[in-house]
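Architecture at a glance
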Amino acid sequence: MNAIKKIFGGDTRQLGMIFALIALIVFFQIKTGLTLDPNNVNNIIQGNAYILVLAIGMVLVIIAGHIDLSVGSIAAFVGIVVAMGIRDWGIPWWLGILLGLVIGALVGAWQGFWVSYLGIPAFIVTLAGMLIFRGANQWVGKSLTVPVPEAFQVIGAGSLPEVGPNTGYNNLTILLGILGCAAIVFGAIRSRARLVKINAEVEEAWVMWTRLALICLVIMGTMLLIASGRKGFPVSGLILVALVLIYGFISSKTVLGRHIYAVGGNRHAAELSGVKSKKINFFVMCNMAVLSALAGMMFVARSTASGPFDGVGWELDAIAAVFIGGAAVTGGVGTVIGSIVGGLVMAVLNNGLQILGVGADATSVIKGLVLLAAVLFDVYNKSQGKPSITGLLMRNRKGSDSAAPAATNNPAADATSSLSETTRTEG
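Note that the coordinates shown come from a computational prediction; the quantities given were computed from them, not determined experimentally.

**Thoughts on the overall build of the protein chain**
From N to C terminus, the protein chain includes 19 helices and two strands. In the protein chain, which comprises 427 residues, the share counted as buried stands at 47%. When contacts within the protein chain are restricted to residue pairs at least 6 apart in sequence, long-range pairs at least 24 apart make up 79% of them. As displayed, the protein chain has an accessible area near 20500 Å², and 68% of this comes from carbon and sulfur atoms.

As structure tokens, this is what we get:
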């Protein structure tokens, strides 16, 4: 267990959900034989990419201590406006995408203003936004279905094309996996070399190489599986991967990310350390609306049309993904990767139950119980002064490890502790 902790950097909060995801995949593969079918994996990615995009924005909102109930309505509103713009105004598809992102930014600025500068709770503002933009969607679209052209559909339903010799696989998908593994290995080696150069403490070499081998094995295994099907890697998956990399970097490596954690962990302490909490709150709300707009366009592209019932319940799926992925209800804790894992847990669960023929009523009950159980275990163990459920899965109670629960990996605490120095550096 100690070796596993070392390999994954000692942060075991997300490992429980990773184990749960693997267990679900194995269970449904045994029961159905279809879960790991290449075309089914492709469908899982395409069918849930828009929810995972919402989860990326929602985790930043929740880390900052807020909640956003309007994401589904914003996505539906942007979707209908873009679809009608392309059909009725004759604008090209790429300009339609830009129009959608601009509308999302304007909506986010509107909601961010009420939250950050007028002090109205985000729950109330976004509840109002949910009603406003749901009504706007019905009013603009007149409750009709508006189709979008094939060129626009690529962002939601497109896949990497077949190029090069006939290898029995999609060559671009394999190349993408190789390039991804190479970039990860190069980045890890370069980071280690910089630490060695300044005589900083570095992890054992076998830990780094074992971690890299496992990551590359997962990446190449997934890419080979998808490449063996009828389609290549989904374009919506490429968009999702790009967003994960960008927002993972922002949340963990930038001053902005540290400030978001600090505001969510303790807003007053963060303000005393020089953090502009109003600007942080404005950013997370505006960013959420932009990602909602993108998610809405991706869904419309995959559905080939914008409909009057788009976006219904999306906010609940996004929030569930974030909390299942390890975010704290009170703010200050959460990761982009954890939210993606949480979203994939729900996606695989949905897909497996559908293949088994489980009804929508039972599926909804099961999803609700999964969410409740994930949060309950974490809250209960923390209230007892114990590690989270993911920590319990990994802990070793022998010898000196009895003191391990006292050590935590709290991003908010780390962020707050570094703010004074950050503020002086910026000054």
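There is more to say, and it comes next.
**What about the nonpolar core?**
Val-53, Leu-54, Ile-56 and Met-58 are the most contacted members of the largest nonpolar core, which totals 50 residues. For this core, the elements supplying multiple residues, two or more each, are helix H3 (38–63), helix H4 (71–88), helix H6 (122–141), helix H10 (235–253), helix H11 (255–265), helix H13 (277–303), helix H14 (314–324) and helix H15 (336–355). With 14 residues, the single largest contributor to this core is H3. Setting aside residues up to four positions removed in sequence, Leu-54 forms contacts with Val-71, Met-288, Leu-291, Ser-292, Ala-295, Trp-314 and Ala-318.

**Quick word on a nonpolar patch on the surface**
Taken together, the side chains of Phe-19, Ile-22, Val-26 and Ile-30 present a nonpolar region at the surface, about 390 Å² in accessible area. Relative to the elements of secondary structure, Ile-30 occurs in helix H2 (residues 15–32). Under the relative-accessibility criterion, Ile-30 is labelled exposed at 67%.

**Brief notes about the packing of aromatic side chains**
Enumeration over the complete set of coordinates arrives at eight aromatic pairs. Seen in terms of ring centroids, Phe-27 and Phe-28 are 5.2 Å apart; in terms of plane orientation they differ by 70°. Their pairing is edge-to-face. On the basis of relative accessible area, Phe-28 is assigned to the buried category, the value being 2%. Here Phe-77 and Phe-133 contribute two aromatic rings whose centre-to-centre distance is 5.7 Å and whose plane-to-plane angle is 45°, an arrangement assigned as tilted. One end of the pair, Phe-77, is in helix H4; the other, Phe-133, is in helix H6, and 56 residues separate them in sequence. In this structure, Phe-77 and Phe-133 share a single accessibility class: buried. Here the aromatic residues Tyr-50, Phe-299 and Trp-314 are joined through ring pairs into a cluster of three or more.

Conventions used here
Note on numbering: residues in each chain are counted from 1, in written sequence order. Note on the predicted model: pLDDT of at least 70 is required for a residue's local features to be given, and 80 or more for side-chain atom pairs to be given and counted; whole-chain, interface and lining totals, by contrast, use all residues. Side-chain descriptors were evaluated using all non-hydrogen atoms of the structure, hydrogens and water having been removed beforehand. Helix and strand assignments follow DSSP, with helices taken as H or I runs no shorter than four residues and strands as E runs no shorter than two, numbered in order from the N terminus. Exposed residues in this analysis have more than 50% of their type's maximum accessible area, buried residues have under 20%, and partly exposed residues fall in between, with area computed by a 1.4 Å probe over protein chains only. The contact criterion used throughout is that any non-hydrogen atoms of two residues lie within 4.5 Å. Computed with the Shrake-Rupley method and a 1.4 Å probe, the accessible areas treat only the protein chains shown as cover for residues. Buried Ala, Val, Leu, Ile, Met, Phe, Trp, Tyr and Cys residues form a nonpolar core when they are joined through side-chain atoms within 4.5 Å. Without a salt bridge and with relative accessible area above 30%, a residue can belong to a patch; like charges are then joined within 9 Å and nonpolar side chains (Val, Leu, Ile, Met, Phe, Trp, Tyr) within 5 Å. Salt bridges are identified by distance alone: a Lys or Arg side-chain nitrogen within 4 Å of an Asp or Glu carboxyl oxygen. A pair of aromatic rings is counted whenever rings of Phe, Tyr or Trp (Trp by its six-membered ring) have centres within 6.5 Å, and the orientation is called stacked for planes under 30 degrees apart, edge-to-face for over 60 and tilted otherwise.

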